Amino acid sequence: MSAIRGRMRRRILLTYRVDPEVARAIIPAPFRPQLVDGSAVAGICMIALTDLRPGWVRPRIGISTENTAHRFAVEWDEGASPRTGVYVTERHTSGLVPVLGGGRFFPGMQRRARFDVEESDSRFRVRMRASDASVSADVEVSERWDSTLFPTIEDASAFYRNGAIGWSPRRGGGAEGLELTSSRWAVRAATVNDVTSSFFDGLPAGAATLDSALVMHDIPVLWRRPETPRP
């Protein structure tokens, strides 16, 4: 499948500052951590997708899913030029189709999970539980931007938009990529009331510290295999 279309009805981006040595031990070659202010940058991406479908199918035939991804901002070299993106260590979804198709018909292996969601226009409580992982987040939209990694919300927005290629473990070894594009991109700051993650909470004490949160709404998206050579 060459392309997948959909709409991010709601996207929560939780950013962590991570010890570079811990990140290097997790991220496989040829990738390396992308450092900001001396720290690796990682996070949890929590997305409610609608109209998810092959690129040539009309929107009314798409499916809806809740999804989480634990990931690290990474760099790699293509020739003499460094590139940036993310490496996804694990993906979970509420949908059966992404589980069956991920790593087969389109890149990115996914595991099935249960999601409980309570949301309003400004506050979002999302809980994910799977046999191998769990995440719980309570965030609300805020006018205040608070981050030690990114001086402004515009800096954070650009950082995430520039990391458009996401690499995931491939069935049988190696990595496979998906590149995200969108005709519209808008983020809002959010305050984190509470967050737990079996992945980040399971790292060595002090290795990962929550930094900031962003929320996005109603973003049309297209995923396709990267047009650039594989790393």
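Summary of the structure given here. Not measured: the values here are computed from a predicted model.

1. Examining the pairing of strand β13 (residues 188-197)
Across seven bridges, the pairing between strand β10 (residues 134-141) and β13 is antiparallel. Note on β13: the bridge partner recorded for Asp138 is Asp194. In this structure, β13 lies alongside strand β14 (residues 208-224), joined through three bridges in antiparallel fashion. Bridging across to β14, Ala190 finds its partner in Ala213.

2. Section: helix α3 (residues 153-162)
Since the α-helix turns once every 3.6 residues, residues separated by three or four places project in the same direction. When we look at burial in α3, the residues that qualify are Ile153, Ala156, Ser157, Phe159 and Tyr160. Burial along α3 is one-sided: seen end-on, the buried residues are contained in an arc of 160°. Among the exposed residues of α3, those oriented more than 90 degrees off its buried face are Glu154 and Asn162. Among the structural elements, β1 (3-18), β3 (35-36), β4 (39-54), β5 (63-78), β13 and β14 are those in contact with the buried residues of α3.

3. Quick notes on the pattern of salt bridges
Evaluation of the coordinates by the stated rule reveals 17 salt bridges. Between Arg7 and Asp218 there is a salt bridge, and its shortest N-O distance comes to 3.0 Å. Residue Arg7 is located in strand β1, and its partner Asp218 is located in strand β14; the two are separated by 211 residues in the primary sequence. Among the residues examined, Arg7 registers a relative accessible area of 29% and is labelled partly exposed. In this structure, Arg9 engages Glu66 in a salt bridge whose closest nitrogen and oxygen atoms are separated by 3.8 Å. Of this pair, Arg9 sits in strand β1 while Glu66 sits in strand β5, placing them 57 residues apart in sequence. Judged by its relative accessible area of 35%, Arg9 falls in the partly exposed class. Overlapping salt bridges, with partners in common, bring together Arg9, Arg10, Glu66 and Glu119 in one network.

4. Structural notes on the side chain of Arg71
Summarising the element assignment, Arg71 is placed in strand β5. For the buried Arg71, no salt bridge is present, and the opposite-charge side chain at shortest range is Glu90, 12 Å distant. Setting aside its immediate chain neighbours within four residues, Arg71 contacts Arg11, Leu13, Ala42, Gly43, Cys45, Val86, Tyr87, Val88, Thr89, Tyr160 and Phe200.

5. What to know about the environment of His70
Along the chain, His70 falls in strand β5. Looking at His70, the relative accessible area reads 0%, which means it is buried. A C-alpha to C-alpha distance of 9.0 Å links His70 and Met46, two positions 24 residues apart in sequence. Among all residues touching His70, those that are not within four sequence positions of it are Gly43, Ile44, Tyr87, Val88, Thr89, Glu90, Val135, Ser197, Phe199 and Phe200.

6. So, the side chain of Ser39
Counting through the fold element by element, Ser39 comes out in strand β4. Judged by its relative accessible area of 10%, Ser39 is buried. The residues touching Ser39, leaving out its near neighbours within four places in the chain, are Arg17, Val18, Pro20, Gln34 and Leu149.

7. What about the packing of aromatic side chains?
Taken as a whole and assessed by the stated rule, the structure comprises 10 aromatic pairs. On the basis of an interplanar angle of 70° and a centroid distance of 6.1 Å, the ring pair of Phe72 and Phe199 is categorised as edge-to-face. Taken together, the positions of Phe72 in strand β5 and Phe199 in helix α4 (residues 198-201) put the pair 127 residues apart, joining distant regions of the chain. Per residue, the accessibility class of Phe72 equals that of Phe199, and both read buried. A ring pair is formed by Phe150 and Phe159, whose centres lie 5.0 Å apart and whose planes are at 50°; its orientation type is tilted. The exposure class assigned to Phe159 is buried, which follows from its relative accessible area of 14%. Each residue in the set Tyr16, Phe72, Phe199 and Phe200 is aromatic and connected to the rest through ring pairs, giving one cluster.

8. Observations concerning unusual backbone geometry
The omega angle of the peptide bond from Ala29 to Pro30 is 10°, so this bond is cis rather than trans. Among the secondary structure elements, Pro30 is positioned in the loop between α1 (20-26) and β2 (32-33). Within the chain, Asp218 stands out as a residue other than glycine whose phi angle is a positive 50°. On the accessibility criterion, Asp218 (39% relative accessible area) is partly exposed.

Each value, and the rule that gives it
- Residues numbered from 1 in each chain as written.
- Predicted model: local features only at pLDDT ≥ 70, side-chain atom pairs only at ≥ 80, totals over all residues.
- Heavy atoms only, no water.
- Pairing = 2+ DSSP bridges.
- Helix = DSSP H or I, 4+ residues; strand = E, 2+ residues; numbered from the N terminus.
- Buried < 20%, exposed > 50% of the residue type's maximum accessible area, 1.4 Å probe, protein only.
- Arc of directions from axis to C-beta.
- Contact = heavy atoms within 4.5 Å.
- Salt bridge = Lys/Arg side-chain N within 4 Å of Asp/Glu carboxyl O.
- Lys, Arg positive; Asp, Glu negative; His and termini not counted.
- Phe/Tyr/Trp six-rings, centres within 6.5 Å; stacked < 30°, edge-to-face > 60°.

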